[in-house]
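# Observations on chain architecture
Each chain is listed here by its residues.
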Amino acid sequence: NAGVTQTPKFRILKIGQSMTLQCTQDMNHNYMYWYRQDPGMGLKLIYYSVGAGITDKGEVPNGYNVSRSTTEDFPLRLELAAPSQTSVYFCASSYSGGQSMNTEAFFGQGTRLTVV
Amino acid sequence: AQTVTQSQPEMSVQEAETVTLSCTYDTSESDYYLFWYKQPPSRQMILVIRQEAYKQQNATENRFSVNFQKAAKSFSLKISDSQLGDAAMYFCAYRVAWDRDDKIIFGKGTRLHILP
């Protein structure tokens, strides 16, 4: 089982460049999430999706965009990269099927992004 | 809004000893899930243990157990017979059991050091 797969694992961007972080899951989970983790800190939710075609902002959405055209894929787009976006980015997925059926989040291995 | 608080940024324990990590949360829901995740230096987020709020019995997984106090909204993690491989960042997380628009909320983490 591949689980949640993120690409790339590492990336260096110059200020003002843009890029897309890819995320795909093969567990047929309806929920998907993007988090960022700054050095020594916890996880902050950027965006999440409760199903294909539906996305919602988390606590730190500025500077990012997402789309969810399929159940499997949830790419995160960075436009006009800034040094403040230097972080480790995690994609995660989970299942929500009703009372007592929700699962924990399954995480990808993370993408370390540096903006210089 | 739901919140998760981990009041211990760092802790240390001697190898083979027992350590308890604290977590408190705030919610108005009656049915929810609580999780402890481990993040070793590899960055991978690993689920350690999961507790359903409707279950009175505390969850256990080998050397890991929780003390779940629903009325006090407390969810501590006890690690027995600590091993060098337990050194990691530990995150407490909360998820409502049934909500179309739910999110998984993480605490800021506790860094655990194991002293040989």
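Above this text you will find the structure in question.
Now for a look at the structure at hand.

### Quick look at the interface of chain A and chain B
- Counting residues at the interface gives 35 residues for chain A, matched by 27 residues for chain B.
- Inspection of the chain A/chain B interface yields 1 salt bridge.
- Put simply, chain A and chain B have 9 residue pairs in polar contact (both at pLDDT 80 or more) between them.
- At the level of elements, strand 4 (31–37), strand 5 (43–51), strand 6 (54–57), strand 9 (87–94) and strand 11 (111–115) of chain A are the ones that each hand at least two residues to the side of chain A that touches chain B.
- Partitioned by chemical class, the residues of the side of chain A that touches chain B number 16 nonpolar, 15 polar and 4 charged.

### Notes on the sheet that holds strand 1 (residues 4–7) of chain A
All names here are of chain A.
- Reading across the sheet, the 4 strands line up as 1-3-8-7 and stay open at both edges, with antiparallel pairing between neighbours. Among the strands making up the open sheet, the edge pair consists of strand 1 and strand 7 (64–66). Between one strand axis and the next, the sheet turns by 20° as a mean value, whatever way the strands run.

### Quick notes on the nonpolar core
Residue and element names in this part refer to chain B.
- Counting 27 residues, the largest nonpolar core has Leu21, Tyr25, Trp36, Phe75, Leu77, Tyr90 and Leu112 as the members making the most contacts within it.
- If you list the elements that add at least two residues to this core, you get strand 2 (10–14), strand 3 (19–21), strand 5 (32–39), strand 6 (46–52), strand 8 (64–69), strand 9 (74–79), strand 10 (88–96) and strand 12 (110–115).
- If one sorts the elements of this core by residue count, strand 10 sits on top with 5 residues.
- Sequence-distant contacts of Leu77, that is, excluding residues within four places in its chain, are made with Val19, Thr20, Leu21, Trp36, Val48, Ile49, Phe64, Ser65, Val66 and Tyr90.

### Notes on the pattern of salt bridges
- With the rule as written, the count across this model stands at 7 salt bridges over all chains.
- The residue Asp38(A) makes a salt bridge to Arg36(A) at a minimum N-O spacing of 2.8 Å.
- On the basis of relative accessibility, which here comes to 21%, the residue Asp38(A) falls in the partly exposed class.
- Where Lys73(B) meets Asp26(B), a salt bridge forms, and the shortest distance between an N and an O atom there is 3.6 Å. With Lys73(B) in the loop between strand 8 and strand 9 and Asp26(B) in strand 4 (residues 24–26), this pair connects stretches of sequence that are 47 residues apart.
- Overlapping salt bridges bring together Glu104(A), Arg50(B), Glu52(B) and Lys55(B) as one network.

### Side note on the environment of Gly109(B)
All names here are of chain B.
- Along the chain, the position of Gly109 falls in the loop between strand 11 (104–106) and strand 12.
- Along the chain, Gly109 and Ala87 lie 22 residues apart, while their C-alpha atoms are 13 Å from each other.
- Beyond its immediate sequence surroundings of up to four residues, Gly109 is in contact with Gln6, Gln8, Pro9, Met89, Tyr90 and Phe91.

### A few points about the state of the cysteines
- Applying the stated criterion across every chain, the model contains 2 disulfides over all chains.
- Linked covalently through their sulfurs, Cys23(A) and Cys91(A) form a disulfide whose S-S length is 1.8 Å. Linking Cys23(A) and Cys91(A), the disulfide has an S-S dihedral of approximately -75° and is accordingly described as left-handed. With a gap of 68 residues between them, Cys23(A) in strand 3 (residues 19–25) and Cys91(A) in strand 9 connect regions that are remote in the sequence. The pair formed by Cys23(A) and Cys91(A) is uniform in burial state, with each residue classed as buried.
- One disulfide bridge connects Cys23(B) with Cys92(B), the sulfur atoms lying 2.0 Å from each other.

### Examining the pairing of strand 6 of chain B
Residues and elements named next belong to chain B.
- Direction of pairing for strand 5 relative to strand 6: antiparallel, over a ladder of 6 bridges. Paired with Trp36 across the strands is Ile49, a residue of strand 6.
- Hairpin connection, strand 5 to strand 6: the antiparallel pair is bridged by 6 residues, and Arg43 has positive phi, about 80°.

Rules used throughout
- Residues numbered from 1 in each chain as written.
- Chains lettered and ligands numbered in written order.
- Predicted model: local features only at pLDDT ≥ 70, side-chain atom pairs only at ≥ 80, totals over all residues.
- Heavy atoms only, no water.
- Contact = heavy atoms within 4.5 Å.
- Salt bridge = Lys/Arg side-chain N within 4 Å of Asp/Glu carboxyl O.
- Polar contact = N/O pair within 3.5 Å; in protein donor to acceptor, adjacent residues only side chain to side chain.
- Helix = DSSP H or I, 4+ residues; strand = E, 2+ residues; numbered from the N terminus.
- Nonpolar A, V, L, I, M, F, W, Y, C, P; charged D, E, K, R; others polar.
- Pairing = 2+ DSSP bridges.
- Axes fitted to C-alpha atoms, helices over the stretch in contact; angles between N-to-C directions.
- Core = buried A, V, L, I, M, F, W, Y, C linked by side-chain atoms within 4.5 Å.
- Buried < 20%, exposed > 50% of the residue type's maximum accessible area, 1.4 Å probe, protein only.
- Disulfide = S-S within 2.5 Å.

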